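Listed below, chain by chain, are the residues.
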Amino acid sequence: VIFHPKGLLDSTNEPRPAIVQQYIPHLDSRIFKVYVLGNETTITQRLSLPLLHTSNNISQVNIEKNWHFGRISKKCVAVSDKCGVMSNEIVSKLLEVSAEMRDVFKLQLFNLDAVVEHKTGRIVIVDVNYFPGYQKCIRDFGPRLLRLIDRMYSSARY
């Protein structure tokens, strides 16, 4: 994580190519993973980057030095002691957003990653993937994919 323009100069030894993405301070250091297969949606969560700074504690952060994090866990969990229970409000909003994306973009197979912004409480979509690795987080992925293919095939008949 780079906090300061000087950090960009210091990152010349970092592996390339690299992706630049804005860091969104988010609640509970968790990320929501929403998997869509046609009309079926599964929402999981996992730990994410820690809350690195807020306006209250920015003075405690060394912004002159880049922060490095190891690989973030890819373990998906519906409910975890570390992540907590997903609120009905968040689940409802994520279902609404994913249905809207499915309909607007005409996608049947995708996932989105979302966080809840620390200061505002708003849901922020931080990534969208077309045909992601469903098998990691959806145990019955095969049968669900076959149901989707069958529905699509049946609706395409003349």
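Cut-off values and rules
Residues numbered from 1 in each chain as written. Predicted model: local features only at pLDDT ≥ 70, side-chain atom pairs only at ≥ 80, totals over all residues. Heavy atoms only, no water. Helix = DSSP H or I, 4+ residues; strand = E, 2+ residues; numbered from the N terminus. Pairing = 2+ DSSP bridges. Axes fitted to C-alpha atoms, helices over the stretch in contact; angles between N-to-C directions. Core = buried A, V, L, I, M, F, W, Y, C linked by side-chain atoms within 4.5 Å. Buried < 20%, exposed > 50% of the residue type's maximum accessible area, 1.4 Å probe, protein only. Contact = heavy atoms within 4.5 Å. Salt bridge = Lys/Arg side-chain N within 4 Å of Asp/Glu carboxyl O.

Participant: Can you walk me through unusual backbone geometry in this structure?
Facilitator: What you tend to see is this: most non-glycine residues have negative phi, and most peptide bonds are trans. Not every positive phi belongs to a glycine, and Lys 106 is a case in point at roughly 55°. With respect to the helices, strands and loops of the structure, Lys 106 is situated in the loop between helix H2 (88-105) and strand E3 (109-116).

Participant: Would you mind going over the sheet that holds strand E4 (residues 123-130) with me for this structure?
Facilitator: The strands that make up a sheet pair up through hydrogen bonds in the backbone, lying either parallel or antiparallel. Pairing is antiparallel across the open sheet formed by 4 strands, whose spatial order is E2-E1-E3-E4. Because the sheet does not close on itself, it has two edges, and the strands there are strand E2 (40-47) and E4. In this sheet, neighbouring strand axes are inclined to one another by 20° on average, regardless of whether the strands run parallel or antiparallel. Note: strand E1 (residues 30-37) against E3, 6 bridges, orientation antiparallel.

Participant: Where do I start with the nonpolar core in this structure?
Facilitator: Where a protein is soluble and globular, its nonpolar side chains tend to be buried together. One finds Phe 32, Val 34, Ile 43, Ile 90, Leu 94, Phe 110 and Leu 112 to be the most contacted residues of the largest nonpolar core, which totals 13 residues. Listed by contribution, the elements that provide at least two residues to this core are E1, H2 and E3. It is E3 that provides the largest number of residues to this core, a total of 4 residues. Look past the residues within four positions of Phe 32 in its chain and what remains in contact with it is Thr 44, Gln 45, Met 86, Ile 90, Leu 94, Leu 112, Asp 113, Ala 114 and Val 116. Of all hydrophobic cores here, the second largest spans 9 residues; its members include Leu 37, Cys 137, Leu 145 and Leu 148.

Participant: Sorry, what's going on with the pairing of E3 here?
Facilitator: Every regular strand shows the same layout, with side chains that alternate between the two sheet faces. Burial within E3 is extensive, with 8 of its 8 residues counted as buried. Residues Leu 109, Asn 111, Asp 113 and Val 115 point to one face of E3 and Phe 110, Leu 112, Ala 114 and Val 116 to the other, with burial holding for every one of them. Looking at chain direction, E3 and E4 are connected through 7 bridges and run antiparallel. Opposite Ala 114, over in E4, you have Ile 125 as the bridge partner. Between E3 and E4, which pair antiparallel in sequence order, lie 6 residues; one of them, Gly 121, sits at a positive phi of approximately 80°.

Participant: What exactly am I supposed to notice about the pattern of salt bridges here?
Facilitator: Two side chains of opposite charge can pair, provided their charged atoms sit close to one another. Going through the model one piece at a time under the given rule, you end up with 8 salt bridges. With a shortest N-O distance of 3.0 Å, Asp 113 and Lys 33 are connected by a salt bridge. Of the two residues, Asp 113 sits in strand E3 while Lys 33 sits in strand E1, which places them 80 residues apart along the sequence. Exposure remark for Asp 113: the relative accessible area of 6% places this residue in the buried category. Using a relative accessible area of 11% as the deciding quantity, one classes Lys 33 as buried. For Arg 151, the salt bridge goes to Glu 40, with nearest N and O atoms at 3.8 Å. Highlighted residues: Arg 151 in helix H3 (residues 141-156) and Glu 40 in strand E2, separated in sequence by 111 residues. Using a relative accessible area of 36% as the deciding quantity, one classes Arg 151 as partly exposed. Connected via shared salt-bridge partners are Glu 40, Asp 140, Arg 144, Arg 147 and Arg 151.

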